[in-house]
Amino acid sequence: MDFLDKFGIKIKNQDLLLTALTHSSYANENNTESYERLEFLGDAVLELATSEYFYLHYHENEGTMSKVRASYVCESALYEYANKIGIEDYIRYGNGQEKNIRSIVADCFESVLAVIFLEHGYSVAKKYVLSIIVPYIENGTKFISDNKSYLQEVLQAKQKSLEYHVVNEYGPENNKTFEVDVYVDNIKYGHGIGHSKKEAEQMAAKDAIDKMA
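One structure accompanies this document, and this report is about it. Because the structure is predicted, anything quoted here is derived from the model rather than measured.

A separate point is helix α6 (residues 102–120). When the terminal C-alpha atoms of α6 are compared, their 27 Å separation across 19 residues agrees well with the 27 Å that a helix rising 1.5 Å per residue should span. Positive backbone phi, at 95 degrees, marks Gly-121, one or two positions downstream of α6.

Another point: the packing of aromatic side chains. Geometrically, a pair of aromatic rings is defined through the distance of the ring centres and the angle of the planes. Applying the stated rule across the entire model yields eight aromatic pairs. Where Tyr-53 meets Phe-54, the ring centres are 5.4 Å apart and the plane angle is 80 degrees; that geometry is what we call edge-to-face. You'll find Tyr-53 and Phe-54 in the same group, each marked buried. You can call Phe-54 buried: its relative accessible area is 3%. An aromatic cluster is built from Phe-7, Tyr-81, Phe-109, Tyr-128 and Tyr-136, whose rings are joined through pairwise contacts.

We now examine unusual backbone geometry. Positive phi is not limited to glycine here, since Asn-31 has a value of about 50 degrees. Relative to the helices and strands, Asn-31 resides in the loop between α2 (24–30) and α3 (36–57). Unlike most non-glycine residues, Asp-185 shows phi in positive territory, near 50 degrees. You can see Asp-185 is positioned in the loop between β2 (177–184) and β3 (187–194). On the accessibility criterion, Asp-185 (33% relative accessible area) is partly exposed.

This next bit is on the environment of Leu-18. Assignment of secondary structure puts Leu-18 in helix α1 (residues 14–20). On the accessibility criterion, Leu-18 (27% relative accessible area) is partly exposed. With 136 residues separating them along the chain, Leu-18 and Val-154 place their C-alpha atoms 39 Å apart.

This next bit is on the packing of α3 against helix α7 (residues 122–138). Where α3 contacts α7, the axes come no closer than 10 Å and their chain directions differ by 60 degrees. Overall, the two elements α3 and α7 adopt an arrangement that is oblique. When you trace α3 past α7, the crossing you get is right-handed. On α7, the residues touching Val-45, Leu-46, Leu-48, Ala-49, Thr-50, Glu-52, Tyr-53 and Phe-54 of α3 are Tyr-122, Ala-125, Lys-126, Val-129, Leu-130, Ile-133, Val-134 and Ile-137. Its residues assigned to classes, the contact of α3 with α7 comprises 13 nonpolar, one polar and two charged.

What counts and what doesn't
Residues numbered from 1 in each chain as written. Predicted model: local features only at pLDDT ≥ 70, side-chain atom pairs only at ≥ 80, totals over all residues. Heavy atoms only, no water. Helix = DSSP H or I, 4+ residues; strand = E, 2+ residues; numbered from the N terminus. Expected span 1.5 Å × (residues − 1). Phe/Tyr/Trp six-rings, centres within 6.5 Å; stacked < 30°, edge-to-face > 60°. Buried < 20%, exposed > 50% of the residue type's maximum accessible area, 1.4 Å probe, protein only. Axes fitted to C-alpha atoms, helices over the stretch in contact; angles between N-to-C directions. Parallel < 35°, antiparallel > 145°, perpendicular 65-115°, else oblique. Left-handed = near helix turned anticlockwise from the far one by under 90°. Contact = heavy atoms within 4.5 Å. Nonpolar A, V, L, I, M, F, W, Y, C, P; charged D, E, K, R; others polar.

Here it is in structure tokens:
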């Protein structure tokens, strides 16, 4: 796995890096750990690094900076970054698991960032992630912010509550299907189906946005 060589980053703990590229479908079949815990950490590192960048370079109010940042850390953006680096080629899936699901590839971008953080610290992790993201910002690249973020922004402005509930899940462990309902002020506004909870939530949010429109 040499996709980090171009950044001058060497990972000694190759087992941890392999974990960062292991989907739960593969982990369940092979009694090993998936990337999910690392993704949790990587998400926090990504948020801090990008928040610091926009604070130092954008003299806007909190709402504006939050909206701009969201567009560069949304699923579509992370998927683009991961593809540019070549992460997708190394992801381990279980038998029968649909490959190239955007959410999985995006998750692995964050989990790999977590490995860099754990082995080299925040300064190296920040330099790495900003070297990828900042050129897109400077070029004015527009990523479509994910449906969940957009819906949340709209409802926050109207001071309305937002909740997602998994109402059904079925299928084999390595290829499950999830159904999610989204509620606005305790009223069901949308329904979504996907091969992950995140994907189903995105579809439910889209359904709600379409109905509100």
